[in-house]
Amino acid sequence: MKILKELPGGILLIESPRFQDERGGFMKLFNHDTPLHKYAIAQVNYVQNRESGILRGLHFQKGGFAESKFFRVLTGQINLVYLDVNPESTTYQLSGSYILDQAQLGLLIPEGFATGYEVLTPHTDVLYYSNKDYHPEAEGGVNWQHPLVVNHWKTNMPIVSEKDKNWPL
Ligand SMILES: Cc1cn([C@H]2C[C@H](O)[C@@H](COP(=O)(O)OP(=O)(O)O[C@H]3O[C@@H](C)C(=O)[C@@H](O)[C@H]3O)O2)c(=O)[nH]c1=O
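What comes next is a walk through the structure. Quick caveat: nothing in here was measured; it's all calculated off a predicted structure. (Residues numbered from 1 in each chain as written. Predicted model: local features only at pLDDT ≥ 70, side-chain atom pairs only at ≥ 80, totals over all residues. Heavy atoms only, no water.)

Some points on the packing of aromatic side chains
By the definition in use, this model includes seven aromatic pairs. Where Phe19 meets Phe26, the ring centres are 6.1 Å apart and the plane angle is 55°; that geometry is what we call tilted. Phe19 sits in the partly exposed class, given a relative accessible area of 48%. For Phe26, a relative accessible area of 52% puts it in the exposed group. Between Phe70 and Tyr129 the ring centres are 5.7 Å apart and the planes differ by 45°, which places this aromatic pair in the tilted class. With Phe70 in strand β7 (residues 69-75) and Tyr129 in strand β12 (residues 124-130), this pair connects stretches of sequence that are 59 residues apart. (Phe/Tyr/Trp six-rings, centres within 6.5 Å; stacked < 30°, edge-to-face > 60°. Buried < 20%, exposed > 50% of the residue type's maximum accessible area, 1.4 Å probe, protein only. Helix = DSSP H or I, 4+ residues; strand = E, 2+ residues; numbered from the N terminus.)

Pasting the structure below:
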């Protein structure tokens, strides 16, 4: 696995090795060795999105439950949006977005960021690792229409869960 790019905030774009032969393909999605040698997986989550226009997030876990997440699509295309919500961070309130459109590329988001994504294609499957267990009591969120992130979206009228509609602006 190799780091293709480091984005502001310490976000890493990581490429997986891919092997192709007459049977199909083989891809290494995680390797405890470099560049992820300090990354301890607590959860692997597989998310199926039926339609384009679905928007999930933005979510984070508070305090000591803050997670680092490593996102990729297995099929389809998403626009991943992130916001640094750690007031002690040197990049506090930094926001950005990145389009993920191939399984070979993963985006590693450090602890202290809220993350969300919108689905740009029907039947889009997302796989992500987290280095912390799920603690719903520690969950925080940022409304997708918050001024610090609103300009990153491609969709004007997304499909959003009731929970996500109610995060503070
Ligand atoms: C995130 C999560 C959810 N769940 C359950 C709770 C609920 O019943 C169901 C769906 O949860 P949600 O609606 O929160 O799923 P979702 O909106 O897909 O949540 C995810 O959104 C993206 C943007 C992130 O950044 C992730 O960290 C995660 O928060 O799955 C778990 O059991 N473990 C988990 O780690």
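Some words on the pairing of strand β3 (residues 18-21)
Side chains on a regular strand alternate between the two faces of the sheet. In this sheet, strand β4 (residues 24-27) lies alongside β3 in antiparallel orientation, the contact comprising four bridges. Bridged to Asp21 within β4 is Gly24. As consecutive antiparallel partners, β3 and β4 are separated by two residues. (Pairing = 2+ DSSP bridges.)

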